[in-house]
Amino acid sequence: MGYTSKKYQEKITEIQNHFKTHNKYKEHVGHSSKVHSVGWSCDGKRLASGSFDKSVCVYTLERERLNKEHVFKGHGGSVDQLCWHQSHPDLLSTASGDKSVRIWDTRMQKCVTTINTKGENINITWSPNGNSIAVGNKEDLITFIDARMHKIEAEEQFHFEVNEISWNNTSDLFFLTNGQGCVHILSYPDLKRQHILKAHPGTCICIEFDPTGKYFATGSADALVSLWDINELACKRVFTRMDWPVRTISFSYDGQLIASASEDLSIDVAFVETGDKVADISVEAATFTVAWHPSAYLLAYACDDKDSYDRKRDAGTLKNESVSENISISYDGQLIAFVSEDVLIDVAFVESVHKIADISVKPVAFVVAWHPLTYLLAYACNYIDVSTTWMKEP
């Protein structure tokens with residue numbers, strides 16, 4: 001856009017004022033259990049939600065009002081994620097724990113095909129060109145489906161924890177996030193490894209592509225969202241306002257805003273180019289899914305059941321990590337130290353996520369803490385001693 005700093009600030013103020021005067025929200029109850037995923041059709045006329053209750057609810061948007069259109073039933077397990085065709089507004093695909101993928105047609109209000117897969121599915125993505133669907137299961141197997149012939153065309157077994165998956169906007173690269181904080185980039189359709197990015201010191205949970213094709217963003221168990229230049233594969237900035245594992249992120253239609261949600265009791269909305277906070281949306285429970293409308297500043301999101309949500313019980317439960325103990329930020333905010341079941345402590349620069357140092361430990365470290373005035377790190381491993389390490393200033 002060629003904006004100057006002054007122009008950016010003017011734009012941020014404009015959007016902040018917009019949210020102050022357009023902060024209406026309405027709750028829609030379409031399911032009997034937790035909603036795992038929401039998504040807008042490419043024309044913005046329909047919103048779909050998938051739930052633990054095994055159903056998919058489709059709403060129509062008319063004059064700023066959502067009306068329930070149809071409830072799709074047929075899955076024998078939880079609907080963990082859904083995605084729409086990116087150019088056909090009537091086609092919707094869902095991934096379920098019943099070991100199947102279904103494609104639904106909202107015009108006919110029925111399932112047009114069911115593709116049986118090998119495991120309990122948890123993630124799904126539809127290539128932007130509409131040709132392929134990829135689904136990931138709990139055993140880290142990715143199944144690629146020909147979306148036109150409704151047949152499995154390839155399977156790829158990974159030997160590490162695979163979390164969210166996605167194509168880039170041109171459908172020639174396939175991205176996946178993993179439990180080691182990395183983003184793996186494969187060429188498509190040959191699935192040859194092109195790059196591995198060390199994106200986070202903690203588990204990398206989610207990934208989202210900017211609709212303008214300039215950036216992608218990742219969210220992590222370290223409570224950070226990192227923004228990456230798609231061409232340079234360089235981290236441009238890190239959003240640090242969350243306190244809990246980032247479960248879901250979404251870019252606005254114009255690529256100017258990014259919404260991030262977690263077990264914080266608010267959804268953070270930031271200006272992409274500067275990281276400034278534009279708004280925060282108060283919620284009453286953990287938020288599992290957010291989705292911007294494809295042509296307006298209208299955000300859909302779904303939370304845990306507020307009547308049964310226990311923040312102390314659920315906080316930081318992803319992979320049984322206690323985030324407040326496993327992560328520590330240095331006194332000046334420049335460094336972050338992270339421990340896991342690896343026999344090392346990873347120290348990274350917060351702004352770029354570049355690795356500063358590895359501290360070898362033996363056995364596993366469980367807690368880490370920076371000194372409040374200097375680069376002195378204390379940590380404890382699986383024995384009775386407490387250790388410390390001095391570090392030079394970066």
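K.L.:
Tell me about the confidence of the model for the chain, and please be specific about residues and values.
P.N.:
Residues of the chain with pLDDT of at least 70 account for 88%, and the chain-wide mean is 88. Counted against residues more than four places away or in other chains, residues 312-324, with its pLDDT under 50, gives 24 contacts.

K.L.:
Can you lay out the nonpolar core for me, pointing to particular residues and giving the numbers?
P.N.:
Side chains of a nonpolar character, in soluble globular proteins, are inclined to be buried together. By size, the foremost hydrophobic cluster in this structure holds 20 residues, and its most contacted members are Phe-175, Val-183, Leu-197 and Phe-216. Every element with two or more residues in this core is listed here: strand 15 (182-187), strand 17 (204-209), strand 20 (234-239) and strand 28 (335-339). In this structure, Phe-216 is in contact with Phe-175, Leu-197, Ile-207, Glu-208, Phe-209, Asp-210, Ser-226, Leu-227, Trp-228, Ile-230, Leu-233 and Phe-251, ignoring residues within four places of it in sequence.

K.L.:
Account for empty space enclosed by the protein, with residues named and values stated.
P.N.:
Considering all chains together, one arrives at one cavity of 30 Å³ or more under this definition. Looking at the largest cavity, its volume works out to about 30 Å³. For the largest cavity, the full set of lining residues is Ile-122, Asn-123, Gly-136, Asn-137, Asp-140, Leu-141, Ile-142, Val-162 and Asn-163. Secondary-structure elements contributing two or more residues to the lining of the largest cavity are strand 9 (121-126), strand 10 (132-137), strand 11 (141-146) and strand 13 (162-167).

K.L.:
Report on the sheet that holds strand 6 (residues 91-96), specifying residues and quantitative values.
P.N.:
Read from one edge of the open sheet, four strands run 5-6-7-8, paired in antiparallel fashion. On the outer flanks of this sheet lie strand 5 (79-84) and strand 8 (110-116), each paired with one strand and no other. If you compare each strand with its neighbour and ignore which way they point, the axes differ by 20 degrees on average. Both strand 7 (residues 100-105) and strand 8 contribute to a ladder of six bridges, which runs antiparallel. Paired with Val-101 across the strands is Ile-115, a residue of strand 8.

K.L.:
Give me helix 1 (residues 5-21): which residues, what numbers.
P.N.:
An ideal rise of 1.5 Å per residue puts 24 Å on 17 residues; helix 1 measures up with 25 Å between its terminal C-alpha atoms. Turning to helix 1, its buried residues number three or more, namely Tyr-8, Lys-11, Ile-12, Ile-15 and Phe-19. Down the axis of helix 1, the buried set is contained in an arc of 100 degrees. They therefore lie on one face. Among the exposed residues of helix 1, those oriented more than 90 degrees off its buried face are Lys-6, Lys-20 and Thr-21. Tucked into the core, helix 1 has its buried residues touching strand 22 (257-261), strand 23 (266-271), strand 24 (277-282) and strand 25 (287-292).

What counts, and where the lines are drawn
- Residues numbered from 1 in each chain as written.
- Predicted model: local features only at pLDDT ≥ 70, side-chain atom pairs only at ≥ 80, totals over all residues.
- Heavy atoms only, no water.
- pLDDT = per-residue confidence, 0-100.
- Contact = heavy atoms within 4.5 Å.
- Core = buried A, V, L, I, M, F, W, Y, C linked by side-chain atoms within 4.5 Å.
- Buried < 20%, exposed > 50% of the residue type's maximum accessible area, 1.4 Å probe, protein only.
- Helix = DSSP H or I, 4+ residues; strand = E, 2+ residues; numbered from the N terminus.
- 1 Å grid on protein atoms, 1.4 Å probe; cavity = no way out; pocket = protein on both sides within 12 Å on 5 of 7 lines; lining within 4 Å.
- Points joined across faces, edges and corners; volume = space filled by probe spheres on them.
- Pairing = 2+ DSSP bridges.
- Axes fitted to C-alpha atoms, helices over the stretch in contact; angles between N-to-C directions.
- Expected span 1.5 Å × (residues − 1).
- Arc of directions from axis to C-beta.

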